[in-house]
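Residue-level structural notes
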4 protein chains.
Amino acid sequence: MPKLGMEEIRKEQVIKATENCIIEKGLSNISIKDIAAEAKLSTGIIYHYFKNKDDLLLQVLKEAFRKSHEQVMQTVEPIGDSVVKLKKHIEYIHAVPKDNPEFYAVLMSYLGEAQHNPKVKKIIALFFKNLRSYIVHYLSKNTSQAVGIQDRSRVELLAAMMIGLGLGIGIQWTIEPDFLNLEQLTVDFQDVLGGYFSRSPTADG
Amino acid sequence: MPKLGMEEIRKEQVIKATENCIIEKGLSNISIKDIAAEAKLSTGIIYHYFKNKDDLLLQVLKEAFRKSHEQVMQTVEPIGDSVVKLKKHIEYIHAVPKDNPEFYAVLMSYLGEAQHNPKVKKIIALFFKNLRSYIVHYLSKNTSQAVGIQDRSRVELLAAMMIGLGLGIGIQWTIEPDFLNLEQLTVDFQDVLGGYFSRSPTADG
Amino acid sequence: MPKLGMEEIRKEQVIKATENCIIEKGLSNISIKDIAAEAKLSTGIIYHYFKNKDDLLLQVLKEAFRKSHEQVMQTVEPIGDSVVKLKKHIEYIHAVPKDNPEFYAVLMSYLGEAQHNPKVKKIIALFFKNLRSYIVHYLSKNTSQAVGIQDRSRVELLAAMMIGLGLGIGIQWTIEPDFLNLEQLTVDFQDVLGGYFSRSPTADG
Amino acid sequence: MPKLGMEEIRKEQVIKATENCIIEKGLSNISIKDIAAEAKLSTGIIYHYFKNKDDLLLQVLKEAFRKSHEQVMQTVEPIGDSVVKLKKHIEYIHAVPKDNPEFYAVLMSYLGEAQHNPKVKKIIALFFKNLRSYIVHYLSKNTSQAVGIQDRSRVELLAAMMIGLGLGIGIQWTIEPDFLNLEQLTVDFQDVLGGYFSRSPTADG
DNA sequence: GATGAATGAGACTTCATTCAT
DNA sequence: CATGAATGAAGTCTCATTCAT
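Thresholds, definitions, all that
Residues numbered from 1 in each chain as written. Chains lettered and ligands numbered in written order. Predicted model: local features only at pLDDT ≥ 70, side-chain atom pairs only at ≥ 80, totals over all residues. Heavy atoms only, no water. Helix = DSSP H or I, 4+ residues; strand = E, 2+ residues; numbered from the N terminus. Buried < 20%, exposed > 50% of the residue type's maximum accessible area, 1.4 Å probe, protein only. Areas by Shrake-Rupley, 256 points an atom, 1.4 Å probe, with all protein chains shown as cover. Near = heavy atom within 4 Å. Polar contact = N/O pair within 3.5 Å; in protein donor to acceptor, adjacent residues only side chain to side chain. Nonpolar A, V, L, I, M, F, W, Y, C, P; charged D, E, K, R; others polar. UniProt positions renumbered as here; feature names shortened; annotations may be inferred. Least-squares fit on C-alpha atoms with pLDDT ≥ 70 in both. Contact = heavy atoms within 4.5 Å. Buried area = accessible area lost by both parts, 1.4 Å probe. Salt bridge = Lys/Arg side-chain N within 4 Å of Asp/Glu carboxyl O. Axes fitted to C-alpha atoms, helices over the stretch in contact; angles between N-to-C directions. Parallel < 35°, antiparallel > 145°, perpendicular 65-115°, else oblique. Arc of directions from axis to C-beta. Core = buried A, V, L, I, M, F, W, Y, C linked by side-chain atoms within 4.5 Å. Phe/Tyr/Trp six-rings, centres within 6.5 Å; stacked < 30°, edge-to-face > 60°. Lys NZ or Arg CZ within 6 Å of the ring centre and 35° of its normal.

**Some points on the overall build of chain A**
- Looking only at helices and strands, one finds 9 helices and 0 strands in chain A.
- Starting at the N terminus and walking to the C terminus, you meet the elements of chain A as α-α-α-α-α-α-α-α-α.
- Out of the 205 residues in chain A, the part that is buried amounts to 52%.
- As presented, chain A carries roughly 9,800 Å² of accessible surface, and 53% of it is formed by carbon and sulfur atoms.

**Topic: the protein's contact with DNA strand E**
- Near DNA strand E you find 32 residues, and of these K53 of chain B, K53 of chain C together with R10, H48 and Y49 of chain D are the closest.
- Counting only atoms of DNA strand E within 4 Å of the protein, the sugar-phosphate share comes to 70%.
- Here a phosphate oxygen of DNA strand E sits 3.2 Å away from a polar atom, N or O, in the side chain of R10 of chain A.
- In the model, a phosphate oxygen of DNA strand E is placed 2.8 Å from a nitrogen or oxygen of the Y49 of chain A side chain.
- Sorting the residues of the surface near DNA strand E by element identifies α1 (6-25) and α3 (43-49) of chain A, α3 (43-49) of chain C together with α3 (43-49) of chain D as the ones contributing at least two each.
- Tallied by class, the residues present in the surface near DNA strand E amount to 12 nonpolar, 13 polar and 7 charged.

**Quick notes on the UniProt feature "DNA-binding region" (unreviewed entry) in chain A**
- This chain's UniProt record puts "DNA-binding region" (unreviewed entry) on residues 31-50 of chain A.
- Secondary structure across residues 31-50 of chain A divides into 75% helix and 0% strand, with the first and last C-alpha atoms of the span separated by 14 Å.

**Description of the relation of the copies chain D and chain C**
- Structural alignment of chain D on chain C gives an RMSD of 0.1 Å, achieved by rotating through 180° and translating 0.1 Å along the axis. A rotation of that kind, with that shift, is consistent with a two-fold axis.
- Counting the interface residues of chain D, we find that 98% of their copies in chain C are interface residues as well, pointing to one common contact surface.

**Observations regarding the interface of chain D and chain C**
- Counting residues at the interface gives 49 residues for chain D and 48 residues for chain C.
- For the pair chain D and chain C, the summed buried area comes to about 4,100 Å², and 64% of that belongs to carbon and sulfur atoms.
- Three residues stand out in chain D for area buried against chain C, namely H116, M161 and I175 of chain D, and they jointly supply 16% of the buried area on that side.
- The interface formed by chain D and chain C contains 4 salt bridges.
- Taking the shortest distance from any N to any O, the salt bridge between R132 of chain C and E176 of chain D comes out at 3.4 Å.
- Our count for the chain D to chain C interface comes out at 22 residue pairs in polar contact (both at pLDDT 80 or more).

**Describing the protein's contact with DNA strand F**
- By nearness alone, 33 residues border DNA strand F, and K53 of chain A, R10, H48 and Y49 of chain B together with K53 of chain D come closest of all.
- The sugar-phosphate backbone supplies 69% of the atoms of DNA strand F found within 4 Å of the protein.
- Within the backbone of I32 of chain A, one N or O atom sits 2.8 Å away from a phosphate oxygen of DNA strand F.
- Between DNA strand F and the protein, one listed contact pairs a phosphate oxygen with a side-chain N or O atom of R10 of chain B at 2.5 Å.
- Broken down by secondary-structure element, the contributors of at least two residues to the surface near DNA strand F are α3 of chain A, α3 (43-49) of chain B, α3 of chain C together with α3 of chain D.
- Taken together, the residues of the surface near DNA strand F break down into 13 nonpolar, 14 polar and 6 charged.

**Some words on the environment of E19 of chain B**
All names here are of chain B.
- Within the element layout of this structure, E19 appears in helix α1 (residues 7-25).
- Given a relative accessible area of 5%, E19 falls into the buried group.
- C-alpha of E19 to C-alpha of E102: the two residues are 83 residues apart in sequence and 8.1 Å apart in space.
- Beyond its immediate sequence surroundings of up to four residues, E19 is in contact with V60, A64, K67, E102 and V106.

**A closer look at the packing of helix α6 (residues 101-114) of chain D against helix α8 (residues 152-175) of chain D**
All names here are of chain D.
- At a closest axis distance of 11 Å, the pairing of α6 and α8 adopts a crossing angle of 100°. Relative to α8, α6 is oriented roughly perpendicular. Facing α6, whose interface residues are Y104, L107, M108 and L111, α8 presents G166, L167, G170, I171, T174 and I175.

**Examining the relation of the copies chain A and chain B**
- Each copy of the sequence occupies a distinct position, and chain A is placed on chain B by a rotation of 180° and an axial shift of 0.1 Å, giving an RMSD of 0.1 Å.
- When you check the interface residues of chain A against chain B, 100% turn up at the interface there too, and the contact is symmetric in its surfaces.

**As for the interface of chain A and chain B**
- With 48 residues of chain A in contact, the opposing surface of chain B contributes 49 residues.
- Around 4,000 Å² of area is buried between chain A and chain B when both sides are counted, 64% of it from carbon and sulfur atoms.
- Taken together, the connections running from chain A to chain B amount to 4 salt bridges.
- Applying the counting criterion to the chain A and chain B interface returns 22 residue pairs in polar contact (both at pLDDT 80 or more).
- Contributing elements (two or more residues each) for the side of chain A that touches chain B: α1, α6 (101-114), α7 (118-146), α8 (152-175) and α9 (182-204) of chain A.
- Among the elements that make up the side of chain A that touches chain B, the one with the highest residue count is α8 of chain A (14 residues).

**Section: the packing of helix α5 (residues 82-99) of chain C against helix α6 (residues 101-114) of chain C**
Residue and element names in this part refer to chain C.
- One way to put it is that α5 packs onto α6 with a least axis distance of 5 Å and a crossing angle of 90°. Considered as vectors, α5 and α6 are oriented roughly perpendicular to each other. Across from V96, P97, K98 and D99 in α5, the residues of α6 making contact are P101, F103 and Y104.
- Each residue belonging to the contact of α5 with α6 can be placed in one class, and the counts come to 5 nonpolar, no polar and 2 charged.

**Some remarks on the pattern of salt bridges**
- In total, this model carries 37 salt bridges over all chains according to the counting rule given.
- Of the charged contacts in the structure, one is a salt bridge between K88 of chain D and E91 of chain D, with a shortest N-O distance of 3.5 Å. Placement of the pair is K88 of chain D and E91 of chain D together in helix α5 (residues 82-99), with a separation of 3 residues, close to one helical turn.
- By sharing partners, the salt bridges in this structure join K16, E19 and K67 of chain A into a single network.

**Re helix α2 (residues 32-39) of chain B**
Residues and elements named next belong to chain B.
- Within the sequence span of α2, burial applies to I32, I35, A36 and A39. One face of α2 carries all of its buried residues, which in axial projection span an arc of 100°. Along α2, exposed side chains directed more than 90 degrees from the buried face belong to K33 and A37.
- As for α2, its buried residues are in contact with α1, α3 and α4 (53-75).

**Focus: the nonpolar core**
- Among the nonpolar cores identified, the biggest contains 136 residues, and Y110, I124 and I171 of chain C together with Y110, I124 and I171 of chain D are the most heavily contacted of them.
- Once residues lying within four places of it in the same chain are set aside, the contact partners of Y110 of chain C are I22, L27, L57, V60, L61, V120 and I124 of chain C.
- Grouped together as the second largest cluster of nonpolar side chains are 135 residues, A159 and I175 of chain A together with A39 and Y138 of chain B included.

**Observations regarding the packing of aromatic side chains**
- Applying the stated criterion to the full structure yields 24 aromatic pairs over all chains.
- Taking 4.0 Å as the distance between ring centres and 5° as the angle between the ring planes, the aromatic pair formed by F65 of chain B and F127 of chain B counts as stacked. Placement of the pair is F65 of chain B in helix α4 and F127 of chain B in helix α7 (residues 118-146), with a sequence separation of 62 residues. Each member of the pair F65 of chain B and F127 of chain B is classed as buried.
- Aromatic ring contacts, followed pair by pair, group F65, F103, Y104, F127 and F128 of chain A into a single cluster.
- In this structure, K11 of chain A is placed above the aromatic ring of F50 of chain A, and the distance from its NZ or CZ to the ring centre is 5.7 Å.
- Across from the ring centre of F179 of chain D, 3.5 Å away, lies the NZ or CZ of R132 of chain C, which sits over that ring.

**Here's the deal with the side chain of Q172 of chain A**
- On the secondary structure map, Q172 of chain A appears in helix α8.
- Polar contacts involving the side chain of Q172 of chain A include one to the main-chain carbonyl oxygen of A160 of chain B, which spans 3.0 Å.

**Section: unusual backbone geometry**
- Phi is positive for K40 of chain B, which is not a glycine, with a value near 55°.
- For K40 of chain B, the position within the fold is in the loop between α2 and α3.

Written out as structure tokens, the structure is:
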């Protein structure tokens, strides 16, 4: 067994176990003992790798966001054309609740904490900010001109709306998966946005 | 101070105190002692009016949703014209994070619980469902024809999107209030929807 | 409603309710609220008639013993002949577990208390003492001579054994009613004692 | 002080402390804090070794019965001759209240619980059953023939009576130790049984 | 590094008792 | 007399954290 590099492996092992526990029992219902049992480790060792429980829970959130970002980079980023990229991104966002429910389980668990825990709030805020920035970035390249949005603040609003819709729909779907057809919604939304884009230039011209 | 006939007043007093505590300290960080202190009552009396802590927390959520529904009825319902109603409703929804941040504090606190607590899940699901139904109902009267949506499932999707966008934007705004201009977003969204509506009939005609 | 005499009626009502609760839930598992509910009274009124819970529980025990004594007086005392009386008394004692299980429920509940509560101990001790005295009394009249027991301490021992056997058998039967045939045991015991009596004089003669 | 391999020692330590508390304050008057203090341990560790208070109290009862059985095996079992064994057993049983008052303190404390706690009831029933079986077993070897009891159910009745008398006398003595002479009673009882045995064959012959 | 026994603060909850009505 | 709301002490149990091994 290698000793070097074990640190990261152990950390990952504990973080994964913690995520599993959160998914299974909820953020406020898990104990260090639960986590240790899930990770098949002793409670003591957890304190060797993490300062305390709060620190561990913070790492779990960070890791969830890191993996989510990674997926976007793999799925959306390779696409060259901005409009296709946008459509793909929308598709991706709306697929998350179904394809990666663990992400929503974690995100929704931490939303309540965010309001009273500055560190959690900061991490979540940064996640949203990065996501918006990414969208703004690829929309600003040339798409916005194509779709007639010259104003940068408009692009930012659009990004916020894209994420907001995805998030709000994802939460509704997580709470009650059967009530709506995610795929249809995605198509419709792409349609609405398409209308908005194609109409806007006309409005100016 | 009277002792009799206080049941409803006391319940309300305890629920309000609990909501305050949730807003101030977070759902998972409050104790019955905190609540009792906030309500200026003894811990024991809380168990006279509520079966246990879970029961109390459930009532708090229900009450938050009840008051929210009441506000919609006061603000949106009186309006006769469906399209105006829709615009007003959108405006109302997007104003909630700023005008009634307590509502978001409560809602976001319970989202994490919903995934592991069937009762919480049920209450939240019902809230969303009722809200969608309400929208569907007034849109189905004559608006949908005006805007060219004959398909009921489309109206439902629209309702889900309206709520989803409001929710997702509200969460982003709650986490980071300064990043976006809620009012501008509201106008933009009304604009997008307006375009969608006015365009759709043409698509059919 | 008569006001005079209500005191005794209320007391009796509360004592009976308490006994029911003890039988149903056990001495250490009942609250004043339980008792009040069973008696269909408020908790407050109980403190009008009894100094406190301990006082009430003491009255319950006393009342159980009083009723038990009353029954012996009705069943055994009328019999004139001492030996027949003795046999009847034995029969009665061994019938109690089956005919009056409430008595055993109460008695066994208080046995544990007796060791640490001087008042309970005193009441139980007095009950046993009176029962023994009663037996000694009627056995001393002429039976003991008939059965050849001149020694008073022997009669007292006999009384203690009679009660002891009844109590020990009663407890075993209460714990596991099906394991033994109370009636057969009664007959056998009467047989053993009969042999003892008829043999003893011979031993002397 | 070692930390590992202490499981059995700790359990025994806590059980002994609990028994002391029961003897000193009564089954229904002891708290986990009392027990922890008596055992010179923290309250938390008790829950490391026992599932909960009920579990601990059950173990205490089991342990008391186990030790009692052990004593019988040491005192009575080695004796070869069945009649001598019987007399020794009677002597032993009647000596328990005086020689091992802790046993009666524990047993009497749990009798009240037995009626509402199936687990307690089961343990006590098993104790009595085993004791009766043991007596029946050695009486059935050859004694019963010697004493003219061919009928097995009679032997079982005899065992029940032996235990019943011991129990009933033990309780009376525990409540009021001075009223009777345990030794004299033992001799008398042996005498009564002796007469029963020696007479029975004659009755048959 | 790794374990898990041990601690003790603090959470939830019950309940005997009081007292305003 | 009678009610039952109210109190607050005390009980059971959990759990983050430490530390001897």
